[in-house]
Amino acid sequence: MYEDKTLVCKDCGAEFVFTAGEQEFYAEKGFENEPTRCKDCRAARKASLRANREMHTAVCAECGKECQVPFEPKGDRPVYCSECFANHR
């Protein structure tokens, strides 16, 4: 049903392949738009967004260690460090 497509990255202008498997994944997730960036540019953009994220200091509700979280803790809900958060999933 799906065939590989060659697309052009809007950031670097390089051609990249939007595989049939990726197209099927996009369809399963309900994504309507094709990717506009190649894998390298997507990764660079994601890293850039994470680097610019404001982090806040909090104390883990489970282990008591100080940690950094990407939101401002309000006090009405527990905050967990990344290790304890992973254990709650």
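The model shown is predicted, which means the values in this text are computed figures rather than measured ones.

**A closer look at the side chain of histidine 56**
- Structurally, the position occupied by histidine 56 is in strand 3 (residues 56-59).
- Excluding residues within four positions of it along the chain, histidine 56 makes contact with Cys67, Gln68, Val69, Pro70, Phe71, Glu72 and Pro73.

**A few points about the layout of surface pockets**
- Roughly 220 Å³ of volume is contained in the largest pocket.
- Looking at the largest pocket, the residues that line it are Cys67, Gln68, Val69, Pro70, Phe71, Pro78, Val79, Tyr80, Cys81, Ser82 and Phe85.
- Mapped onto the lining of the largest pocket, the elements with two or more residues apiece are strand 4 (66-69) and helix 3 (82-88).
- A total of 3 residues in the lining of the largest pocket trace back to one element, the largest contributor, which is strand 4.
- Of the residues belonging to the lining of the largest pocket, the class tally is 9 nonpolar, 2 polar and no charged.

**Focus: the packing of aromatic side chains**
- Applying the stated criterion to the full structure yields 4 aromatic pairs.
- Here a set of aromatic residues connected by ring pairs shows up, and it is made of Phe18, Phe25, Tyr26 and Phe31.

**Regarding the confidence of the model for the protein**
- Per-residue pLDDT for the protein has a mean of 94; in total, 100% of the residues score no lower than 70.
- Per-element confidence in the protein ranges from a low mean pLDDT of 91 for helix 3 to a high of 98 for strand 1 (residues 5-8).

**Side note on a positive patch on the surface**
- A surface patch of like charges, here positive, comprises Lys39, Arg42, Lys46, Arg50 and Arg53.
- Accessibility expressed as a relative area gives 44% for arginine 53, which makes it partly exposed.

Thresholds, definitions, all that
Residues numbered from 1 in each chain as written. Predicted model: local features only at pLDDT ≥ 70, side-chain atom pairs only at ≥ 80, totals over all residues. Heavy atoms only, no water. Helix = DSSP H or I, 4+ residues; strand = E, 2+ residues; numbered from the N terminus. Contact = heavy atoms within 4.5 Å. 1 Å grid on protein atoms, 1.4 Å probe; cavity = no way out; pocket = protein on both sides within 12 Å on 5 of 7 lines; lining within 4 Å. Points joined across faces, edges and corners; volume = space filled by probe spheres on them. Nonpolar A, V, L, I, M, F, W, Y, C, P; charged D, E, K, R; others polar. Phe/Tyr/Trp six-rings, centres within 6.5 Å; stacked < 30°, edge-to-face > 60°. pLDDT = per-residue confidence, 0-100. Patch = residues over 30% accessible without salt bridge, like charges linked within 9 Å, V, L, I, M, F, W, Y side chains within 5 Å. Areas by Shrake-Rupley, 256 points an atom, 1.4 Å probe, with all protein chains shown as cover. Salt bridge = Lys/Arg side-chain N within 4 Å of Asp/Glu carboxyl O. Lys, Arg positive; Asp, Glu negative; His and termini not counted. Charge placed at Lys NZ, Arg CZ, Asp CG, Glu CD. Buried < 20%, exposed > 50% of the residue type's maximum accessible area, 1.4 Å probe, protein only.

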